[in-house]
Each structure stands twice: as structure tokens, then as C-alpha cells.
Amino acid sequence: MSKAEIGLIGLGTMGAALALNIADNGFDIAVWNRTTSTTKKFFDGAGDLAPRITPTETLRELVEAIAEPRAIILMVPAGQAVDDQIKALRPLLGPNDLLIDAGNANFHDTNRRAREADDLPFLGIGVSGGEEGARFGPSIMGGGKREYWDRVAHILTAISAKHNETPCATWMGEEGAGHFVKAVHNGIEYADMQMIAEVYGIMRDGLGHDNAAMAEIFARWDRGPLQSYLIEISGKVAGAVDPKTGQPMLDLIVDAAGQKGTGRWTAIEAQHLAAPIPAIEAAVVARNLSSQRDMRQLGEDVFGTAPQLIADGVLDIETLEKALIAGKILCYAQGFGMISKASDEFGWSLPLPDIAKVWRAGCIIRSSMLDDMATALEANATQNLMFAPFFSELLKENQTALRQVVSLSATHGLPAPALSSALAYFDTMRTSRGTANMIQGQRDFFGAHGFERTDDGSSDQHGPWAMNA
């Protein structure tokens, strides 16, 4: 009996979908799950793909079912579970056997695991696209030694999503580079989703649109510059009807957003890198605030209901669309800026154009804009995307709409934290002389921290208050 080309541990939603994808692309795979009944259920439901799948009941049986040098994908929860699984597996493996952590790991953990592995093969790969992507083609971001990626690249590129026949899977760099890029992807995802939610709130509470009307608007936007997976599904979510009650499904969903931590990791790491990502940070804060339902109810009781209807003719749907276009550009510019900062900080030489290309299909933030972003980054990978000619022109065309939407949101009590943060970022980035001179003056006054002068460029200077203190 021939042995499997690759193995997989963890048959949860994502692991099961990925295993079927691998089999569907013509590769024999051995699988194992801590709960044997889960393995059996998975195999029994594999249908025509069952002949390519070898179910196993023990780790040793899994290892023996895979051809050497082995490659085993770990699809277990991030954190201690990954370390425990590696610890259990290593004694059963040979020195050339490759472990691949394909979960949502913190890249710092991946860095550590790569160093602990030393000369033992190890990869950390980011996988995006949810269950559907895992099953039919995700976006894959590889991290680790290039030679290890090359060993399994034929499988990972085969199972990945394709954009005009180009695989959405590539090697990003050493150690945790793949998981870092995935974390930033998720941070952008948070901001993109939050901006869409804010525009939904403006249409619902500011313009008085019903769900059916909003579903049609999102569907129309999906045929224009905003074409993306998130806009597409927002329209479907808005238009869905609850089969139990016949009411709009969206109206029955509690407004408390869940999160698995990757967006928070992005915000935390951005602070360490001194990389400004205000729209992403605002989206993380908004999710945290959404969970404080009792406190928000108290706020409404004390201060009254905030949203007020916007008068007819003051705000149209085209202006909302333009505002969202501007917000999206600024969000992605921040995300790619953070990746560029990390590339320098960690010595990874992260391929920004390739990252944009990998995100064009399969992943949650796939969008028609990413084609133009890849082109802009190929022309100048170190330049902030907002200054790339194509996107600077779009921002010139649409920034007034973003300003109008943010202003109306503020005056009508409609929360728009991500859009507001994107606008503040834009205005800061186009102001050559800001207000940090006041901060430097304050710092020098209370702590004698010194400052640089504008007239002669001299540094470590002090103001006259030091003499008068």
C-alpha cells in the first residue's frame, strides 16, 4: 500500500476543509484527530475523496502512514496546544521530517518555535479564507526557511486560490514572517469590516433605509470600485430573512462582535514597531466596545438615544460609496506601511507586491483594489500607498466625501470610529507642520527632554522656561 504524501493533524472546521482540498487536488493524505470519533466521521463523509485519505487512530500510526521525508500540517488551536502537539510528535519523527503550523499563531510564538526547532524542519504558514477558502482555495502566506517551503510548495500552491491562474500562495520570509503577514491581513480585515458596519449604521440610523434597500446598495457597490468579498457578503447578510420568524436576519443578531485576537495582536505589534495604523486600532476598540452591552444601555438611559436622522438631500448613497473608497485606501495604506516597517525591523525583506497578489483571491479581504495595489507596490514598494499616483488621485476625488460623512456622523450622533480615524490619518499625513512642537515644548518644560530648532537645525535645545523654572 502506497504511503500518503502529506499528513494533517486536527479535523476541526478548517482542518477538515483543508484535508479535503488536499485530497481533491490529487494528493494522498493521512489524517489524525485527538478524538477518534471525529476522524471516523470525517472519513465517512469524504465520499469520492476517501480513497486518497488514510484515517489513523494514533500519532505513531499517522507518522508511519506518511512517506519520508514526512510533512505534517498542524491545524490545532493557537497557543499551548501547538507546543504540546510538537512535543508529542518530535520523538516519532526523523531529522528531515517537516512540521507545518497552519493555525492562527502569534508570529512571536512562530519565531520561538522556529528557533527551538534549530535544524529540524519547521514552517509557520498563514491561511486565510475561512472554511470555504480552506476547502476550495485559500490564500497562503509561508514563513520559515525557503528550502522547507520549497519542499511542500507544489502542494500549497496547488490547493491555494488562483487569480487569473496565478496561485495565491508564496513564501514571505524567515521564521514567523508568514504568520505576521496573516496578522496584518486580519487587522485590515477588522478595519474593512468596521468601516462597512459604520456605513451600514449611517444608512440604517441616519438615512432610515431598510435592510432590503441596503442589500441592493451593497450589491450595486460590489459591481464598482468597492468590489470585494466583504461588500458582497454584506449585501447577502443585509438581504437575508430569518426562516423562523420571517423577519430580517440582521435585525435579530446581537450587536456584540466576537474576535479571536489576531486584530488585537496587530494593534499591539504596531505600537512596538511605531507603525501608525489608527483605522485598524479603532476597529479593535470598536469590537471591544461592542461587547459592553450593559454599559452601552446605561449610556443610552443616561444620555438618551444618540442617532438622529439626516435631513433628506443632505447625504446621498454615492457620497457614502466615495467615503468608503477613501477609507479603504487609507486602511490598506496603513496595513502595508506596518508590513514595510516590520520588514526593516526583523530583516525579513517581506515582498510587498507579492503580498498584495496573494490577497487578490481566497482570503477574506480579497478586493479588486488589490490588483492596483500590487502594481503600485511593484513600482515603489517603500512608498506609502496613499502617495502612489493611482491611489492619490482616488483620494483627491473621494476625500471630500469622507470628510462629509465623518462630519455628518459626528453632528448626528452616528458612531464612525474607523472612518474618523482614517480621515484624521489622512489630514495628519498631508500636514507638513503639525502640532507636535507644542508636545516637545511641554516635554522640555516638565522633563528637560530637549527639542530641535527649526531655524538652525540644532538639537537638544531647551526653552527659556528652563531658566525661569
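Described below are features of the structure shown in this document.

So, how was this worked out
Residues numbered from 1 in each chain as written. Predicted model: local features only at pLDDT ≥ 70, side-chain atom pairs only at ≥ 80, totals over all residues. Heavy atoms only, no water. Helix = DSSP H or I, 4+ residues; strand = E, 2+ residues; numbered from the N terminus. Rg over C-alpha atoms; globule rule 2.2 N^0.38 Å. Buried < 20%, exposed > 50% of the residue type's maximum accessible area, 1.4 Å probe, protein only. Contact = heavy atoms within 4.5 Å. Pairing = 2+ DSSP bridges. Axes fitted to C-alpha atoms, helices over the stretch in contact; angles between N-to-C directions. Right-handed = clockwise from strand over helix to strand, strands pointing away. Patch = residues over 30% accessible without salt bridge, like charges linked within 9 Å, V, L, I, M, F, W, Y side chains within 5 Å. Areas by Shrake-Rupley, 256 points an atom, 1.4 Å probe, with all protein chains shown as cover. Salt bridge = Lys/Arg side-chain N within 4 Å of Asp/Glu carboxyl O. Expected span 1.5 Å × (residues − 1). Parallel < 35°, antiparallel > 145°, perpendicular 65-115°, else oblique. Left-handed = near helix turned anticlockwise from the far one by under 90°. Nonpolar A, V, L, I, M, F, W, Y, C, P; charged D, E, K, R; others polar. Phe/Tyr/Trp six-rings, centres within 6.5 Å; stacked < 30°, edge-to-face > 60°. Lys NZ or Arg CZ within 6 Å of the ring centre and 35° of its normal.

Let's shift gears to the overall build of the chain. Per the secondary structure count, the chain includes 20 helices and 10 strands. For 469 residues, the compact-globule estimate of 2.2 N^0.38 gives 23 Å, and the C-alpha radius of gyration of the chain, at 25 Å, lies within 12% of that figure. Overall, the C-alpha framework of the chain stretches about 80 × 65 × 45 Å when taken along its three principal axes. Here the chain holds 469 residues, and 51% of them are scored as buried. Considering only contacts in the chain between residues 6 or more positions apart, those separated by 24 or more positions represent 68%.

Moving on, we come to the pairing of strand 4 (residues 71-74). Neither face of strand 4 is left uncovered, since the one carrying Ala71 and Ile73 and the one carrying Ile72 and Leu74 both have all their residues buried. Of the pairings in the sheet, the one linking strand 1 (residues 6-9) to strand 4 comprises 3 bridges and is parallel in character. Across the sheet, residue isoleucine 9 finds its bridge partner in strand 4, namely leucine 74. The sheet contact formed by strand 4 and strand 5 (residues 98-101) spans 4 bridges and is parallel.

Overall, mixed pairing links the 8 strands, which are arranged 3-2-1-4-5-6-7-10 in an open sheet. Of all the strands in the sheet, the pair left with one neighbour each is strand 3 (53-55) and strand 10 (169-173). Strand-to-strand twist in this sheet, taken as the mean axis angle between neighbours without regard to direction, amounts to 25°. Both strand 2 (residues 29-32) and strand 3 contribute to a ladder of 3 bridges, which runs parallel. Residue pairing in the sheet places valine 31 in a bridge with proline 55 of strand 3.

Once that is clear, we can look at the environment of glutamine 442. Take glutamine 442: it is sitting in helix 19 (residues 436-447). Look at glutamine 442 and you get partly exposed, because its relative accessible area is 40%.

For the rest of this paragraph, the subject is the pairing of strand 2. Both faces of strand 2 are covered, namely the face carrying Ile29 and Val31 and the face carrying Ala30 and Trp32. Pairing of strand 1 with strand 2, which is carried by 4 bridges, proceeds in the parallel orientation. For isoleucine 9, the partnering residue across the bridge sits in strand 2 and is tryptophan 32. In this fold, strand 1 hands off to helix 1 (residues 13-24), which returns the chain to strand 2; that crossover is right-handed. In this view, the connection linking strand 2 to its parallel neighbour strand 3 by way of helix 2 (residues 36-44) has right-handed handedness.

The next subject is a nonpolar patch on the surface. Residues Met295, Leu298, Val302 and Phe303 make up a contiguous nonpolar surface patch of about 490 Å² in total accessible area. For valine 302, a relative accessible area of 54% puts it in the exposed group.

Glancing now at helix 7 (residues 146-159). For helix 7, built from 14 residues, the straight-helix expectation of 20 Å at 1.5 Å per residue is met to within 8% by its first-to-last C-alpha distance of 19 Å. Every buried residue belonging to helix 7 is among Tyr148, Trp149, Val152, Ala153, Ile155, Leu156 and Ile159, and all of these are buried.

Attention shifts here to the packing of helix 8 (residues 177-206) against helix 9 (residues 211-221). Where helix 8 meets helix 9, the axes come as close as 11 Å, and the angle between the chain directions of the two elements is 135°. On the basis of their axis angle, the class for helix 8 and helix 9 is oblique. Here the hand of the crossing between helix 8 and helix 9 comes out right-handed. Here helix 8 contributes Ile196, Val199, Tyr200, Met203 and Arg204 to the contact with helix 9, which in turn contributes Asn211, Met214, Ile217, Phe218 and Trp221. Grouping the constituent residues of the contact of helix 8 with helix 9 by class yields 8 nonpolar, 1 polar and 1 charged.

With that settled, consider the packing of aromatic side chains. Applying the stated rule across the entire model yields 11 aromatic pairs. A ring pair is formed by phenylalanine 107 and phenylalanine 180, whose centres lie 5.0 Å apart and whose planes are at 80°; its orientation type is edge-to-face. Of the two residues, phenylalanine 107 sits in helix 5 (residues 107-117) while phenylalanine 180 sits in helix 8, which places them 73 residues apart along the sequence. Among the aromatic side chains, those forming a connected cluster through ring pairs are Phe107, Phe180, Phe346 and Trp348. The positively charged end of arginine 287 is found above the aromatic ring belonging to tyrosine 190, 3.7 Å away from the centroid.

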